[in-house]
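Residues per chain, in single letters:
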Amino acid sequence: MRHKVDGRKFDMPTAQRMAMLRNITTDVLRHGSVTTTEARAKEARRFVDRMITLGKRGTLHARRQALAFVYDPKVVKRLFDEIAPQYASRPGGYTRVRKLGPRRGDAAAMAELELV
């Protein structure tokens, strides 16, 4: 039983899994949405929301924390200057996972992770 076990492992090593989640987070912040599997979208949603919360804080420490996670400094600048002010009055829930149906090749459940 997996009681109180948080997060998905995706059958990959921790560094590889975190790199994948960092890539998805960076792409969502860069493009506004990304299409991936449903499980990956649900897991990456946690990290995207966390980055937007850092952007809402707007402090130097929060910016450095975001730079440590997001790969592209230009995306962090956009996060703090454009994206976070849009969600200033919103207490959370900055992303939406839209289910798209099965993928053609292997019938994996696909979803689109997008900013609200």
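Rules behind the numbers
- Residues numbered from 1 in each chain as written.
- Predicted model: local features only at pLDDT ≥ 70, side-chain atom pairs only at ≥ 80, totals over all residues.
- Heavy atoms only, no water.
- Buried < 20%, exposed > 50% of the residue type's maximum accessible area, 1.4 Å probe, protein only.
- Helix = DSSP H or I, 4+ residues; strand = E, 2+ residues; numbered from the N terminus.
- Pairing = 2+ DSSP bridges.
- Contact = heavy atoms within 4.5 Å.
- Lys, Arg positive; Asp, Glu negative; His and termini not counted.
- Salt bridge = Lys/Arg side-chain N within 4 Å of Asp/Glu carboxyl O.
- Phe/Tyr/Trp six-rings, centres within 6.5 Å; stacked < 30°, edge-to-face > 60°.
- Expected span 1.5 Å × (residues − 1).
- Bend = angle between axes of the 7 residues up to and from the residue.
- Polar contact = N/O pair within 3.5 Å; in protein donor to acceptor, adjacent residues only side chain to side chain.

## Considerations on the pairing of strand β3 (residues 109-115)
Among the 7 residues in β3, 6 count as buried, and that is most of the element. Judged from the 5 bridges that link them, strand β1 (residues 33-37) and β3 form a sheet pairing that is antiparallel. Counterpart to V34 in the pairing with β3 is L113. Here 7 bridges tie strand β2 (residues 95-102) to β3, and the two strands are oriented antiparallel to one another. Its bridge partner being in β3, R98 is matched across the sheet by E112. Between β2 and the antiparallel strand that follows it, β3, lie 6 residues; A107 among them carries a positive phi value of about 65 degrees.

## Focus on the environment of V28
For V28, the location among the structural elements is in helix α1 (residues 14-31). A C-alpha to C-alpha distance of 22 Å links V28 and L60, two positions 32 residues apart in sequence. Apart from residues no more than four positions distant in its own chain, V28 is found in contact with S33, V34, V48, L113 and L115.

## Here's the deal with the side chain of R17
Along the chain, R17 turns up in helix α1. The charged side chain of R17 is buried without a salt bridge, its nearest counter-charge being E43 at 6.7 Å. Sequence-distant contacts of R17, defined by excluding residues within four places in its chain, comprise R8, K9, F10 and M12.

## Let's talk about the packing of aromatic side chains
Taken as a whole, this structure holds 2 aromatic pairs when the rule is applied. Ring geometry for F47 against F69: centres 5.4 Å apart, planes inclined by 10 degrees, an arrangement best described as stacked. Pair noted here: F47 is in helix α2 (residues 38-57) and F69 is in helix α3 (residues 60-69), with a separation of 22 residues, a long-range link. The pair formed by F47 and F69 is uniform in burial state, with each residue classed as buried. Measuring from ring centre to ring centre gives 5.3 Å for Y87 and Y94, while their planes differ by 65 degrees; the resulting arrangement is edge-to-face. Note on accessibility: Y87 and Y94 belong to one class, buried.

## A few points about helix α4 (residues 73-86)
Between the first and last C-alpha of α4 there are 20 Å, a value that for 14 residues agrees with the 20 Å anticipated at 1.5 Å per step. Along α4, the largest kink reaches about 45 degrees and is centred on L79. When we look at burial in α4, the residues that qualify are V75, V76, L79, F80, I83 and A84. On the buried face of α4, the contacting elements are α1, α2, α3 and β3. Here α4 starts with a cap whose side-chain oxygen sits 3.2 Å from the backbone nitrogen of K74, and that cap is D72.

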